[in-house]
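# Inside the fold
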Amino acid sequence: MGAYLKTVSPETMLAEGRGVRVRDTGGRWLLDARSGLWNVTLGYDHPGIKEAIRRQLDTLPYANLIGYGRPSALSMEAAEALLPHLPSHLNKIRYCSNGSQAVETAVLLSRFLHRAQGAPERNTVFGMWRGFHGLGAGGGALTGIPYVHHQAGPLLPDVMHAPGPFEAHGDGQASDLERLMTDFGPERVSAVVVEPVVGEGGHVLTREYLTSLAQFCRTHGIHLIVDEVTTGMGRTGAFTRSGQLDLRPDMLTLGKGLTSGYAPLSAVVLSDEVYQAVRGLPYDQQFFIGSTNDGHPLSLAASMAVVEALTTEGILENVRARGAELERRLTSVVKRHPQVTSVRGTGLMYAIESDEPDLLRLAMEARGVLVSTLAKWPLVISSDEIEEIVVAVDQALGDVAEFAS
Ligand code: PMP
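This text gives an overview of the structure that appears in the document.

What follows covers the site of the ligand. Looking at the ligand, the residues that line it are N98, G99, S100, F132, H133, G134, E195, D227, V229, T230 and K256. Coverage of the ligand by the protein chains reaches 83% of its 390 Å² of free accessible surface. When its residues are assigned to classes, the shell around the ligand shows 2 nonpolar, 6 polar and 3 charged.

Quick look at the structure:
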């Protein structure tokens, strides 16, 4: 936090957004190749989303999902609009407020269900080192980044981590996650939480790895929770990465691009099997969870406009075409820069691995392009804008090399 605050100056705060660009208080327009915090997927002035929020403001600006049995009718409409685009065995949605909360809700629901079904010893949840699922006590516990645990832990107990397939053996090799769960005792595992593309590093988990994990979970009665807060809603060129890979998770989380970041919203989507298991419990054994702003009507209205945009504006096609272009151009440009050890990703989610990620980020900023340590490009980006980013990558890598020599 301290280091972050030091980098904020009166000229670098953001004041305005248009398309894929933002203007800072110093008057400089920058290409936002990190899409806000990876969530402003449809750019900063999408007319359909703005109009939907305005209309909802005049109709019903608030209703809640957790108390007194009067949810907004819009929550049903929004779910009905989204569900046809998700894997068909997932057919119930619980809206939440943010991504960490969606992960936490899925994990607690998993534990609750095992307990209600007479297996309280099934309490441990596995995540992956380098995985990101939030920074609080629930989502943060699943996050596989050590400082998140050290800064103020212990966080949620009975959470364990395994190396990802990219760690020890290289992509597509034997699964440490499955081996660790076998050694630990799969009958004590409640759930496994994975990102299909690891956001902090751009590692793409292969179809084989994920299918094998899904099979392992099914065999051992473990819930597979696929965290698609980042990969969902178009980023990989489909509504979900799970759908793209024919995966059948028990629960799937969405967030970020669900509203293109115009209002806070996330969701836990349940398989029919999980939902029926919850439904089948006696009345005095219900899962009670939620927060005041879950499924906020302004956010739900935004989410419906996003679904409409993804289905009618050629955005998924754009992601696939621009993604292929981006991979080809980045791969070619980095050949000139030996300090880049790898380019990896999929859709509009690409990482460049270099020894100096922070320097490179700042050099890119100096060249007029905002990136995070991993870039998440706006889904509405054009060919010219891709080229602008690639040229900035090329120049910024040159700047960093010069600086370091
Ligand atoms: N899961 C994933 C995969 C994420 O990338 C993030 C946020 N970067 C989260 C969960 C947490 O979402 P939020 O910041 O909305 O709590």
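So, on to the sheet that holds strand 5 (residues 124-128). Spatially, 4-12-11-10-7-5-6 is the arrangement adopted by the 7 strands of the open sheet, whose pairing is mixed. Bordering the open sheet on either side are strand 4 (90-96) and strand 6 (159-162), each of which pairs with just one other strand. Each neighbouring strand pair of the sheet contributes to a mean axis angle of 20°, computed without reference to strand direction. Inspection of the sheet shows strand 4 paired to strand 12 (residues 266-271) by 6 bridges, in the antiparallel sense. The partner of K92 across the bridge, within strand 12, is L270.

Of the two faces of strand 11 (residues 251-254), the one carrying M251 and T253 and the one carrying L252 and L254 are both buried. Bridging between strand 10 (residues 223-227) and strand 11 involves 3 bridges; their strand directions are parallel. Paired with D227 across the bridge in strand 11 is T253. Here strand 11 pairs with strand 12 via 4 bridges, running antiparallel. Opposite T253, over in strand 12, you have V268 as the bridge partner.

A few words on the packing of aromatic side chains. For the structure shown, the criterion picks out 2 aromatic pairs. The interplanar angle of 40° and the centroid separation of 5.2 Å between the aromatic rings of F112 and F287 together place this pair among those described as tilted. Note that F112 is positioned in helix 5 (residues 99-116) and F287 in the loop between helix 11 (272-279) and helix 12 (297-312), a separation of 175 residues in sequence. Here the aromatic rings of F126 and F184 are separated by 5.7 Å at their centres, their planes lie at 75°, and the arrangement is edge-to-face. Placement of the pair is F126 in strand 5 and F184 in helix 8 (residues 176-184), with a sequence separation of 58 residues. Over the face of the ring belonging to Y275 we find K92, whose NZ or CZ atom lies 4.6 Å from the ring centre.

This brings us to the side chain of D227. Secondary-structure assignment places D227 in strand 10. No salt bridge is formed by the buried D227; the nearest opposite charge belongs to K256, separated by 9.0 Å. Excluding residues that lie within four positions of it along the chain, D227 makes contacts with V103, F132, H133, V193, V194, E195, P196 and T253.

Before going further, it helps to examine the environment of Y44. Within the secondary structure layout, Y44 lies in the loop between helix 2 (35-38) and helix 3 (47-59). Taking the relative accessible area as the measure of exposure, Y44 reaches 24% and is therefore partly exposed. C-alpha separation for the pair Y44 and G261, spaced 217 residues apart in sequence, amounts to 9.1 Å. In this structure, Y44 is in contact with G17, R18, G19, R21, V22, D32, S35, G36 and Y262, ignoring residues within four places of it in sequence. From its side chain, Y44 meets the backbone nitrogen of G36 in a polar contact 3.5 Å long.

Here we take up the pairing of strand 14 (residues 349-354). In this sheet, strand 14 lies alongside strand 13 (residues 340-346) in antiparallel orientation, the contact comprising 6 bridges. Residue pairing in the sheet places V340 in a bridge with S354 of strand 14. Linking strand 13 to strand 14, which pair antiparallel, is a turn of 2 residues; within it G347 sits at a positive phi near 55°.

Bringing the sheet that holds strand 1 (residues 14-18) into the picture now. Across the sheet, 4 strands lie side by side as 1-2-3-15; this open sheet has mixed pairing. Looking along the sheet, the strands with just one partner apiece sit at the ends: strand 1 and strand 15 (369-370). Sheet analysis places strand 2 (residues 21-24) next to strand 3 (residues 29-32), joined by 3 bridges and oriented antiparallel. The partner of R23 across the bridge, within strand 3, is W29. Across the sheet, helix 15 (residues 383-404) is in contact with strand 2, strand 3 and strand 15; its angle to strand 3 comes to roughly 100°.

Before going further, it helps to spend a moment on the side chain of S354. With respect to the secondary-structure elements, S354 resides in strand 14. Taking relative accessible area as the criterion, S354 reaches 13% and is therefore assigned buried. Among the polar contacts listed, one links the side chain of S354 to the backbone nitrogen of E356, at a separation of 3.1 Å. Ignoring sequence-local partners within four residues, the contact set of S354 consists of Q339 and L360.

Parameters at a glance
Residues numbered from 1 in each chain as written. Predicted model: local features only at pLDDT ≥ 70, side-chain atom pairs only at ≥ 80, totals over all residues. Heavy atoms only, no water. Near = heavy atom within 4 Å. Areas by Shrake-Rupley, 256 points an atom, 1.4 Å probe, with all protein chains shown as cover. Nonpolar A, V, L, I, M, F, W, Y, C, P; charged D, E, K, R; others polar. Pairing = 2+ DSSP bridges. Helix = DSSP H or I, 4+ residues; strand = E, 2+ residues; numbered from the N terminus. Axes fitted to C-alpha atoms, helices over the stretch in contact; angles between N-to-C directions. Buried < 20%, exposed > 50% of the residue type's maximum accessible area, 1.4 Å probe, protein only. Phe/Tyr/Trp six-rings, centres within 6.5 Å; stacked < 30°, edge-to-face > 60°. Lys NZ or Arg CZ within 6 Å of the ring centre and 35° of its normal. Lys, Arg positive; Asp, Glu negative; His and termini not counted. Salt bridge = Lys/Arg side-chain N within 4 Å of Asp/Glu carboxyl O. Contact = heavy atoms within 4.5 Å. Polar contact = N/O pair within 3.5 Å; in protein donor to acceptor, adjacent residues only side chain to side chain.

Function cannot be read off these values alone, since they describe shape.
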